[in-house]
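# Secondary and tertiary structure notes
This is what each chain is made of:
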Amino acid sequence: MNDVIVNKSQYNIGHICTTQQLENGLADKVAMRWISANDDRKDYTFADLDNESNRFANVLQKLGADAGDVFFTFLPKMPEQFFSILGMLKMKLITGTLFANFGDDALLDRLGDSKAKGIITKKSFLKKINRIRDQLPALRWIIIVDGDDHIEDDIFSYSRLMSEASAYFITSPTSPDTPSVLHYTSGSTGKPKGVLHCHNSILHQHATTKNVLGLNIYDVFWCTADQGWVTGTSYGIIGPWCQGVTQVHYGGGYDAEAWFRLLQDEKVTVWYTAPTALRMLLREDATLFSSFDLSSLRHICSVGEPLNPEVITWARRTLGKEIYDTWFQTETGGIMIANRPGLTIRPGSMGKPVEGIEPAILADDGAMVADGEQGDLCVKAGWPSMFITFINNEQAYNSKFRDGWYYTGDTAIRDADGYYWFMGRSDDIINTGGHLVSPFEVESALLEIEEIAESGVIAAPHEILFEKVVAFVCLHQQFEFTKELELKIRLYVSNKVSSIATPQEIIPIAAIPKNKSGKIMRRILKAQYLGTEIGDISTLEI
Ligand code: AMP
C-alpha cells in the first residue's frame, strides 16, 4: 500500500491533505503562500488549511448537504477556493470546479447535467447564475465569497457562514471508491461529459508527485494551472499537500517579469506549467531572465499540449534548466507518461510510462502496432486514479473501454526504446493553450445567432497556443458578413461558452460541407483552410 494511506479505512483526500499533515507534525509548516494579482501575500499553515476546511465542512453540514451531493466552485484562484474544495471532500461531497471564464451555456450544461445542489462563487458572477437559475431546479445553495451578509434565503455570505462554524470536524472513514472530484471535459460531439473520480486517486497523485515531479517535503512548488482543470486539483491541491509540500498560489495572469520575480523571491524549487506559457516566455527579451536569480529552481515540468523541442533547448540555454514534459488527461486523474529526473529526455517526446501504468499503441482492430507506427494511445484499465464514470452517462463511459484497454482519444507512436510521441487527437477536439474546446459547443452557440444559418468549427495550428479555434459560418441570405457581425459573434461565443472558446478567425462560406447523414465534415473545412488534399468525399452531401 502507498505510504500516504496510514489508516486503511481513511482514504479521504481532504483529511489526508490537512489533518494527517498535522498528525505528521506539520501543523506550523506553510502549506500555501497566497500571492494576489496585486502582490498581497498571506501564508496559511497546514493547521490553517485544516481549520478553514473543517469550518467549511461544518457549513455544508449545517446547510444540510449530504455525502454524494454535487457542489461546485465557480471562482478565480483564491484561498477560499482551496478551503472549500478540501471541506467538500471532507464531507464526501462530489466536488466540481468551474473555470471563472465560463459563459451561461457552459455553466448550464455542467450544473444542469450534474444536478448540482450548491455553488460557491463571487458577487460579480452571480448575474450569470441568475440568468440560468430557473433551469436549475436542483440548485439549493449559492455561497458568495465577497459579501458580509446573506443576500437572499438561498444566497449566503461565505464569511458569515464561516464565522458561525466550528473549526472542529472529524472526517468520517472514507472508502477508496467514494466519489470525489468532478471535472467536465469537452467532446467533439454532444455536450461536455462529467468525469468523476474517487478518493483512491490520491494513491497515484501522491506517487507521481513524488516520483515524476520529484517533490519532497523541503520543496516549494508552484503549479500555474487553474483549479477548473484536472492539473489544478490533482497537482495544485492533492499531490503536493498529501505529502506536506509548501505551495505558492498566485492570482495573477501571465506576466513574464512578475513570474520570474515570484520564482526568485519565493525560492520555488519545482515549477509545473504549460507549453503555451513557456512559448510566450521564449518570445520575451532574453536579457529579462538574466536579471533574476533562479538558483533555487531545480527543474520545470510541463503538461497539457505538445512541448516543442525548441522550448527545451531555450530553457537549457537561457535558464540553465531542464523541462520535463508530462502527459495525462482529465480521465486519467494523474500523470501516465512522463519525462522525469533520471530519464534522458528525447526532446519532442512525452517520455516513458510512469510506474504501474501500462500504455499501448493499438491499431483499429485492437492489435498492438509495431514500434514506430502510429495508432490509438491506450492505457491498461485499472490504474488507481482512473475515472469511475461519466456522470449520468454510463454508456459513453463504457464506450471508452475495449478488451481491458482505455482509449484516450489521442494518437501516438512508441519508439524502439519505449519513448512515447504524441501525434494528435483521433477526434475533432481543439487544444488551445492547453484547454480542450469542443467544436460542437461552439457550433451550437453560433447557431443561436440570428444571422447564422450553419456553422463548422475546426482547429488550426497556432504558434503560441498550439491550436486556435477557427469558425466557418454560412449566413442567412439577407445578411452580410461585416466587421460588426464578426464582433457580435465573438462576444456571443465568449458570453455563452467561454473566452477561450471564442473563434480567433471567422470565415464566411457559402455552404458547410456535410455528409449524407447531415454530419458536418470538419476535415473538409480543415483541408480547405490548410490548402491540403481533401481526401475521400464519397459520403459528401450532394
Ligand atoms: P485535459 O483532459 O483537458 O487535461 O486534456 C487532455 C488532453 O490534452 C490529452 O488527451 C492530450 O490531447 C493533451 N495533452 C495533455 N498533455 C499533453 C502532452 N504532454 N503532450 C501532448 N498533448 C497533451
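Residues numbered from 1 in each chain as written. Predicted model: local features only at pLDDT ≥ 70, side-chain atom pairs only at ≥ 80, totals over all residues. Heavy atoms only, no water.

A few words on the layout of surface pockets. Taken as a whole, the second largest pocket holds about 710 Å³ of empty space. Forming the boundary of the second largest pocket are 28 residues, of which Thr 224, Ala 225, Asp 226, Gly 253 and His 435 lie nearest the centre. Those elements giving two or more residues to the lining of the second largest pocket turn out to be strand 12 (270-273) and helix 11 (275-282). For the lining of the second largest pocket, the element with the most residues is helix 11, which contributes 3 residues. Class assignment for the residues of the lining of the second largest pocket results in 15 nonpolar, 11 polar and 2 charged. Shared between two domains, the lining of the second largest pocket holds at least three residues of each, these being domain 1 (2-323) and domain 2 (430-530). (1 Å grid on protein atoms, 1.4 Å probe; cavity = no way out; pocket = protein on both sides within 12 Å on 5 of 7 lines; lining within 4 Å. Points joined across faces, edges and corners; volume = space filled by probe spheres on them. Helix = DSSP H or I, 4+ residues; strand = E, 2+ residues; numbered from the N terminus. Nonpolar A, V, L, I, M, F, W, Y, C, P; charged D, E, K, R; others polar. Domains from an automatic or database assignment.)

With that settled, the discussion passes to the packing of helix 11 against helix 13 (residues 309-319). Running from amino to carboxyl end, helix 11 crosses helix 13 at an angle of 55°, the nearest separation of the two axes being 10 Å. Between helix 11 and helix 13, the angle is such that the two are oblique. For helix 11 against helix 13, the interelement crossing comes out left-handed. Where helix 11 approaches helix 13, its residues Leu 278, Arg 279, Leu 281 and Leu 282 are matched on the opposing element by Glu 310, Val 311 and Trp 314. Its residues assigned to classes, the contact of helix 11 with helix 13 shows 5 nonpolar, no polar and 2 charged. (Axes fitted to C-alpha atoms, helices over the stretch in contact; angles between N-to-C directions. Parallel < 35°, antiparallel > 145°, perpendicular 65-115°, else oblique. Left-handed = near helix turned anticlockwise from the far one by under 90°. Contact = heavy atoms within 4.5 Å.)

The 8 strands lie next to each other as 7-6-5-3-4-8-9-19, forming an open sheet whose pairing is mixed. This sheet does not close on itself; its edge strands, each paired only once, are strand 7 (155-157) and strand 19 (389-390). Judged from the 5 bridges that link them, strand 3 (residues 70-74) and strand 4 (residues 94-98) form a sheet pairing that is parallel. By the bridge assignment for strand 4, Thr 73 is matched with Thr 97. Packed onto the sheet, helix 3 (residues 46-63) meets strand 3, strand 5 (118-121), strand 6 (141-144) and strand 7 and runs at close to 145° relative to strand 6. (Pairing = 2+ DSSP bridges.)

The next thing to look at is the environment of Glu 331. Inspection of the secondary structure assignment puts Glu 331 in the loop between strand 14 (323-327) and strand 15 (337-338). Put simply, Glu 331 and Val 195 are 136 residues apart on the chain and 6.2 Å apart in space, counted from C-alpha to C-alpha. Once you skip the residues sitting within four places of it in the chain, Glu 331 turns out to touch Thr 185, Val 195, His 197, Trp 383, Ser 385, Met 386, Phe 387, Phe 390, Lys 400 and Tyr 406.

Quick look at the domain arrangement of the chain now. The domain boundaries assigned to the chain delineate domain 1 (2-323) and domain 2 (430-530). Between domain 1 and domain 2, the C-alpha centre-to-centre distance is 31 Å. Tallying the contact residues gives 25 residues for domain 1 and 23 residues for domain 2. The interface formed by domain 1 and domain 2 contains 3 salt bridges. The interface formed by domain 1 and domain 2 includes 12 residue pairs in polar contact (both at pLDDT 80 or more). Of all the elements in the fold, those that place two or more residues in the side of domain 1 that touches domain 2 are helix 5 (104-113) and helix 11. Take the side of domain 1 that touches domain 2: its biggest share by element is 5 residues, from helix 5. In terms of residue class, the side of domain 1 that touches domain 2 is made up of 7 nonpolar, 10 polar and 8 charged. (Salt bridge = Lys/Arg side-chain N within 4 Å of Asp/Glu carboxyl O. Polar contact = N/O pair within 3.5 Å; in protein donor to acceptor, adjacent residues only side chain to side chain.)

The next subject is empty space enclosed by the protein. Evaluated as defined, the whole model comprises 2 cavities of 30 Å³ or more. Roughly 50 Å³ of volume is contained in the largest cavity. Within the lining of the largest cavity, the residues separate by chemical class into 4 nonpolar, no polar and 3 charged. Computed from the structure, the second largest cavity encloses a volume of approximately 40 Å³. Lining the second largest cavity are Val 181, His 183, His 197, Ser 201, Gln 205, Val 230, Thr 233, Ser 234 and Ile 238. Looking at the lining of the second largest cavity, the elements that each hand over two or more residues are strand 8 (179-185), helix 8 (201-211) and helix 9 (230-241). The element best represented in the lining of the second largest cavity is helix 9, accounting for 4 residues. Looking at the lining of the second largest cavity residue by residue, the class counts come to 3 nonpolar, 6 polar and no charged.

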